[in-house]
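In case you want the letters, here they are:
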Amino acid sequence: TRYYKSLMYAFAEYLNDRISRNIDPPHNEDGIGYYFKSIKNSNLGNPITINYRGHQLSIDYLLAIEEILFMESILGTVNDILEIGAGFGRLAQSIISNYKNIENYTIVDLPQVLNLSRAFLKNVLSREQYEKLQFIENTEYKKVTHSDLVINIDSMQEMPTKTATDYIERISKTSEYFYSKNAI
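Before going into details, it helps to say that this report is about the structure given with it. (Residues numbered from 1 in each chain as written. Predicted model: local features only at pLDDT ≥ 70, side-chain atom pairs only at ≥ 80, totals over all residues. Heavy atoms only, no water.)

Right, let's talk about empty space enclosed by the protein for a bit. A complete count under the given rule lists 1 cavity of 30 Å³ or more for this structure. Considered as a void within the structure, the largest cavity measures approximately 50 Å³ in volume. In this structure, the largest cavity is lined by Leu-82, Ile-84, Tyr-141, Val-144, Val-150, Tyr-167, Arg-170, Ile-171 and Thr-174. When contributions to the lining of the largest cavity are tallied by element, the ones reaching two or more residues are strand 3 (80-84) and helix 7 (161-174). Class assignment for the residues of the lining of the largest cavity results in 7 nonpolar, 1 polar and 1 charged. (1 Å grid on protein atoms, 1.4 Å probe; cavity = no way out; pocket = protein on both sides within 12 Å on 5 of 7 lines; lining within 4 Å. Points joined across faces, edges and corners; volume = space filled by probe spheres on them. Helix = DSSP H or I, 4+ residues; strand = E, 2+ residues; numbered from the N terminus. Nonpolar A, V, L, I, M, F, W, Y, C, P; charged D, E, K, R; others polar.)

Here it is in structure tokens:
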């Protein structure tokens, strides 16, 4: 674990430096704290964490902050987000906690994973934040007729080619922005 934590710390330093250079004062002095202070209950499930500048950070929330940084230029301008394959919901939690302009956040996933994300997000978000969420089974994703932003992280490579192609075609017709972070 010591080596793993050392890598996490180096990643936190990297993100903190990026944030400090890219965010206008007075927020830039907070670095990672600028985003992390809004994310409550991030240690549910007892993940391995590091203490970075007074924040208990896990790799999941470091990755969420990295993803937010990449999408930052549009997150403040969109109202409706669709995430395909959200897992337990760490990015949904992080975005909803940091961007008050988000009115609707739809999660599309396998039924058994939706059960996990529903339970997790209900425990970590306020009632008002949780009410912004919709959960849709992957077989019903065509019910979503428009999203300002579609997000997919680490799941398209797990799908059959036809399924991934169907998603991409649908996204191109119903969304303004698409953020993909996949291995292939």
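Here the narrative resumes, following the displayed structure.
This paragraph deals with the packing of helix 3 (residues 59-75) against helix 4 (residues 90-98). Here helix 3 crosses helix 4 at 50°, and the two axes come no closer than 9 Å. In terms of orientation, helix 3 lies oblique with respect to helix 4. Considering only the axes of helix 3 and helix 4, their crossing is right-handed. Judged by residue contacts, Asp-60, Tyr-61, Leu-63, Ala-64, Glu-67, Ile-68, Met-71 and Leu-75 of helix 3 engage Arg-90, Leu-91, Gln-93, Ser-94, Ile-95 and Asn-98 from helix 4. When the residues that make up the contact of helix 3 with helix 4 are grouped by side-chain class, the tally is 8 nonpolar, 3 polar and 3 charged. (Axes fitted to C-alpha atoms, helices over the stretch in contact; angles between N-to-C directions. Parallel < 35°, antiparallel > 145°, perpendicular 65-115°, else oblique. Left-handed = near helix turned anticlockwise from the far one by under 90°. Contact = heavy atoms within 4.5 Å.)

The interhelical angle for the contact between helix 1 (residues 2-22) and helix 3, taken along N-to-C directions, is 25°, at an axis separation of 10 Å. As far as their axial angle goes, helix 3 and helix 1 are roughly parallel. For the element pair helix 1 and helix 3, the recorded crossing hand is left-handed. Residue-level inspection shows Tyr-4, Met-8, Phe-11, Ala-12, Leu-15, Arg-18 and Ile-19 of helix 1 in contact with helix 3, the latter providing Ile-59, Leu-62, Leu-63, Ile-65, Glu-66, Leu-69 and Phe-70. Grouping the constituent residues of the contact of helix 1 with helix 3 by class yields 12 nonpolar, no polar and 2 charged.

Moving on: the pairing of strand 7 (residues 175-181). Note: strand 6 (residues 147-153) against strand 7, 6 bridges, orientation parallel. Bridged to Asn-152 within strand 7 is Ser-180. Taken together, strand 6, helix 7 and strand 7 constitute a β-α-β crossover, and its handedness is right-handed. (Pairing = 2+ DSSP bridges. Right-handed = clockwise from strand over helix to strand, strands pointing away.)

The next point concerns the nonpolar core. Core analysis: the biggest nonpolar cluster contains 44 residues, and Ile-32, Ile-95, Tyr-105, Leu-121 and Ile-151 have the highest contact counts within it. Considering every element that reaches this core, the biggest residue donor is helix 3, with 9 residues. Ignoring sequence-local partners within four residues, the contact set of Ile-32 consists of Ala-12, Leu-15, Asn-16, Ile-19, Tyr-52, Leu-57, Leu-62 and Ile-65. Judged by nonpolar contacts, the second largest core, of 12 residues, contains Tyr-141, Val-144, Ala-164 and Tyr-167. (Core = buried A, V, L, I, M, F, W, Y, C linked by side-chain atoms within 4.5 Å. Buried < 20%, exposed > 50% of the residue type's maximum accessible area, 1.4 Å probe, protein only.)

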